Amino acid sequence: MARKKIALIGGGQIGGVLAQLCALRELGDVVMFDIVEGMPQGKMLDIAEASPVDGFDVCLQGTQDYKDIAGSDVVIVTAGLPRKPGMSRDDLIVTNSKIMTSVAEGIKQYAPNAFVIVISNPLDAMVTLCQKITGIPHNRVVGQAGVLDSARFATFIAWELGVSVKDVVAMTLGGHGDDMVPLVRYASVQGIPVMELLEQKYGAEKAKEVMEAMVKRTRLAGGEVVALLKTGSAFYSPASSAIAMAESVLKDQKRVLPTCCYLQGEFGVNGYYVGVPAVLGEKGVENILQFKLDAEEQAMMDKSVAAVKGLVDSLDSILNG
Ligand code: A3D
């Protein structure tokens, strides 16, 4: 049986961690494409030379030629500029739209049967553009944001309650912007509502404040890392998050992961990519799990979706202007 093949478009900070994680987990052979001469070749050689130490058997190749991504089962796109301090994700749209256009044309030509995970920002707009240009069915082009946003929320909850991150379930919905929707009502520790545990610890009033602070920190978590790094944005956690999605598809795990999916009526959204819980398996997005939002959650979702729509609707004028 042939090994699976993963193409990484963009070999920068996230791309490098993606390649190492693919290798360590033996998810398949990896091709890293980047426009910078020699860089992807150098990174892949460096990782390959760790294989006797770490004990993994995969082929690793760096390239400047889209031909080499042919036959990929999964393509993960990180090509594009990251944020610098003071920038919003939306500030990247002009440059990254141009980069995404060339990337999507390469995928369309050489890997039209792949499952594509976009990470480049602004995420919701870049995944929309990637699908439009590649023409790959919507259930096979998604964005990574929700796994990371949810992981950030879960991390803060675990720290606050002094429990293992493994026992926290927490999810965010909506766009990958500061209006994302962390779902407080469904956050739990082994099924026990987080709010109940916070109320026991602090009393009702203070519990609300503590949760509000965690929600705010989750929404602004990307910027917190950018402000500390000063030269770029988060890269370990976005890579881990995309790997969870890729692995679920490559191994047909059918994991339920918050995924930036194309919605056709789900959660009241039609014709836009928005973060929702999705079942990821060998067919790509195999199902979108719907549930009722309460009035407050729906209002937050509407606000987040409005921000996504504004950004996505500006794409045409950016590309033609
Ligand atoms: P960086 O380390 O700069 O890597 C980007 C790579 O893209 C560089 O190696 C470039 O050479 C390469 N590149 C530029 N133009 C092209 C092109 N036309 N074709 C192929 N490669 C090209 O950035 P990074 O890895 O830190 O971040 C990559 C992207 O992910 C940025 O847009 C970030 O904003 C975004 N990001 C998203 C999340 C999400 O959770 C959605 C989190 C963190 C970063």
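Residues numbered from 1 in each chain as written. Predicted model: local features only at pLDDT ≥ 70, side-chain atom pairs only at ≥ 80, totals over all residues. Heavy atoms only, no water.

As annotated in an unreviewed UniProt entry, the protein carries the name Malate dehydrogenase and comes from Trichlorobacter ammonificans. Under the UniProt heading Catalytic activity (unreviewed entry), the entry covering the protein gives this text: "(S)-malate + NAD(+) = oxaloacetate + NADH + H(+)". (UniProt positions renumbered as here; feature names shortened; annotations may be inferred.)

Trainee: Describe the confidence of the model for the protein, naming the residues involved and giving the relevant values.
Mentor: Residue-level pLDDT values for the protein average 96, and 100% of them are 70 or greater. In the predicted complex, the global pTM is 0.98; the interface-specific ipTM is 0.99. (pLDDT = per-residue confidence, 0-100.)

Trainee: Explain empty space enclosed by the protein to me, and be specific about the residues and the numbers.
Mentor: Take a probe with the size of a water molecule and roll it over the atoms, and the empty space left behind shows itself. A full pass over the atoms with the stated rule returns one cavity of 30 Å³ or more. Approximately 60 Å³ is the volume found for the largest cavity. Lining of the largest cavity is provided by 13 residues; of these, Ala145, Gly146, Asp149, Gly174 and Gly275 occupy positions nearest its centre. Listed by contribution, the elements that provide at least two residues to the lining of the largest cavity are helix 6 (146–161), strand 8 (172–173) and strand 12 (255–264). (1 Å grid on protein atoms, 1.4 Å probe; cavity = no way out; pocket = protein on both sides within 12 Å on 5 of 7 lines; lining within 4 Å. Points joined across faces, edges and corners; volume = space filled by probe spheres on them. Helix = DSSP H or I, 4+ residues; strand = E, 2+ residues; numbered from the N terminus.)

Trainee: I'd love a proper account of the layout of surface pockets, names of residues and values included.
Mentor: Approximately 840 Å³ is the volume found for the largest pocket. Around the largest pocket, the lining comprises 41 residues; the ones closest to its centre are Thr78, Ala79, Gly80, Leu81 and Pro82. For the lining of the largest pocket, the residue count by class is 21 nonpolar, 16 polar and four charged. If you add up the space inside the second largest pocket, you get close to 570 Å³. Lining the second largest pocket are 23 residues; nearest its centre among them are Ala151, Ala154, Val168, Ala170 and Arg255. (Nonpolar A, V, L, I, M, F, W, Y, C, P; charged D, E, K, R; others polar.)

Trainee: Which residues make up a negative patch on the surface, and what values go with them?
Mentor: Residues Glu205, Glu209, Glu212 and Glu296 make up a contiguous surface patch of negative charge. At three residues, the largest contribution of residues to the negative patch is made by helix 8 (residues 204–219). Within the fold, Glu212 resides in helix 8. Classification of Glu212 by relative accessible area gives partly exposed; the value is 48%. (Patch = residues over 30% accessible without salt bridge, like charges linked within 9 Å, V, L, I, M, F, W, Y side chains within 5 Å. Areas by Shrake-Rupley, 256 points an atom, 1.4 Å probe, with all protein chains shown as cover. Salt bridge = Lys/Arg side-chain N within 4 Å of Asp/Glu carboxyl O. Lys, Arg positive; Asp, Glu negative; His and termini not counted. Charge placed at Lys NZ, Arg CZ, Asp CG, Glu CD. Buried < 20%, exposed > 50% of the residue type's maximum accessible area, 1.4 Å probe, protein only.)

Trainee: Tell me about helix 10 (residues 236–250), and name the residues and values.
Mentor: Each full turn of the α-helix corresponds to 3.6 residues, which orients residues three or four apart in the same direction. With 15 residues, helix 10 extends 21 Å between its outermost C-alpha atoms, agreeing within 8% with the 21 Å of an ideal straight helix rising 1.5 Å per residue. For helix 10, the tally of buried residues reaches 12 of 15 residues, placing the bulk of the element in the interior. Within helix 10, burial applies to Pro238, Ala239, Ser241, Ala242, Ile243, Ala244, Met245, Ala246, Glu247, Ser248, Val249 and Leu250. The positive-phi residue at the C-terminal boundary of helix 10 is Asp252, with phi of around 50°. (Expected span 1.5 Å × (residues − 1).)

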